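Structural description and commentary
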Amino acid sequence: MTQGARKVVFATLNPGKVREVAGILAGLPVEVVGLRDAGVAELPEETGETFLDNAILKAAHAFRATGLPAMADDSGLEVAALGGKPGVHSARFAGAGHDHAANIRKLLSDLAGVADRRARFVCTAVLVGPAGGLPGPGALPKGILRLDAHPALPAGAAAIVAEGEVPGRIIDDSRGAGGFGYDPVFFHDGEGATFAEIPEDRKNALSHRGTAFRGLRTVLDR
Ligand code: ITT
């Protein structure tokens with residue numbers, strides 16, 4: 001980003017993401033402004049079929065509404081035995097709304113009697129801003145992309161895209177009180193614990209969202 005463009009909106013309505021991303025981006029010369037503090041009350045319906053489409057939809061909405069560079073992520077749980085579900089539908093797996101307990105109940109019921117418990121969390125994080133204020137493709141670290149064309153991008157805007165994922169497996173009993181969403185049933189073998197049982201900075205060091213937003217960090221830290 002150009003010098004002086006220090007405010008960035010984070011286009012999410014999920015307080016768990018706000019907490020985590022504040023930790024992941026700590027120490028940057030950037031003021032992360034909450035969606036409501038930027039005067040945006042809602043996000044568009046997530047009609048995209050991919051994490052990328054939905055992340056751009058959210059960030060572009062906030063960019064259009066505020067004129068400020070805007071970050072968003074779209075993330076979810078992909079379960080091998082369910083053919084990658086709930087995927088982009090993770091937040092509303094058990095129906096409309098964000099009832100995390102109901103989503104976990106549906107997940108465990110769909111996996112009843114299933115021996116293969118492999119799953120992964122995935123995250124696509126984007127930064128949408130004026131095309132001229134974002135680094136060109138040659139200036140980006142490996143794995144970080146710049147998109148200049150996407151149906152959801154306003155004219156004159158571009159997006160920086162970073163991804164992350166983390167493998168784990170789904171256990172039958174919820175464990176831990178930290179994190180959000182599916183964390184209490186997402187067991188990380190390296191930690192020997194669920195994502196709801198480990199400290200938040202430890203989750204950030206390992207997680208899909210941590211990897212993706214550390215990718216954006218390299219762009220924000222300019
Ligand atoms: P915003 O769209 O407002 O950002 P959201 O919760 O709807 O919030 P997503 O559309 O990206 O966000 O849905 C992600 C869902 O995937 C989230 O609600 C959880 O159910 C699940 N999920 C993603 N990351 C997770 C994590 O780190 N821990 C637990 N569950 C996670």
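Residues numbered from 1 in each chain as written. Predicted model: local features only at pLDDT ≥ 70, side-chain atom pairs only at ≥ 80, totals over all residues. Heavy atoms only, no water.

1. What about unusual backbone geometry?
A cis amide bond links K85 to the next residue, P86, at an omega of 0°. Inspection of the secondary structure assignment puts P86 in the loop between strand 3 (70-79) and helix 3 (100-110). (Helix = DSSP H or I, 4+ residues; strand = E, 2+ residues; numbered from the N terminus.)

2. Quick word on the packing of aromatic side chains
The final tally for this structure, using the stated rule, is four aromatic pairs. On the basis of an interplanar angle of 35° and a centroid distance of 4.2 Å, the ring pair of F121 and F186 is categorised as tilted. Linking F121 in strand 4 (residues 118-130) with F186 in strand 7 (residues 186-188), this pair joins segments that are 65 residues apart in sequence. For F121, a relative accessible area of 6% corresponds to the buried category. Ring plane angle 15° and centroid distance 6.2 Å describe the contact between F121 and F195, whose orientation is recorded as stacked. One end of the pair, F121, is in strand 4; the other, F195, is in the loop between strand 8 (193-194) and helix 4 (200-206), and 74 residues separate them in sequence. Here F121 matches F195 in class, with each residue buried. Site record: aromatic cluster; members linked through ring pairs are F121, F186 and F195. One residue, K106, lies across the ring of F93, its end atom 4.8 Å from the ring centre. (Phe/Tyr/Trp six-rings, centres within 6.5 Å; stacked < 30°, edge-to-face > 60°. Buried < 20%, exposed > 50% of the residue type's maximum accessible area, 1.4 Å probe, protein only. Lys NZ or Arg CZ within 6 Å of the ring centre and 35° of its normal.)

Spatial relationships are all this shows, so hold off on functional conclusions.
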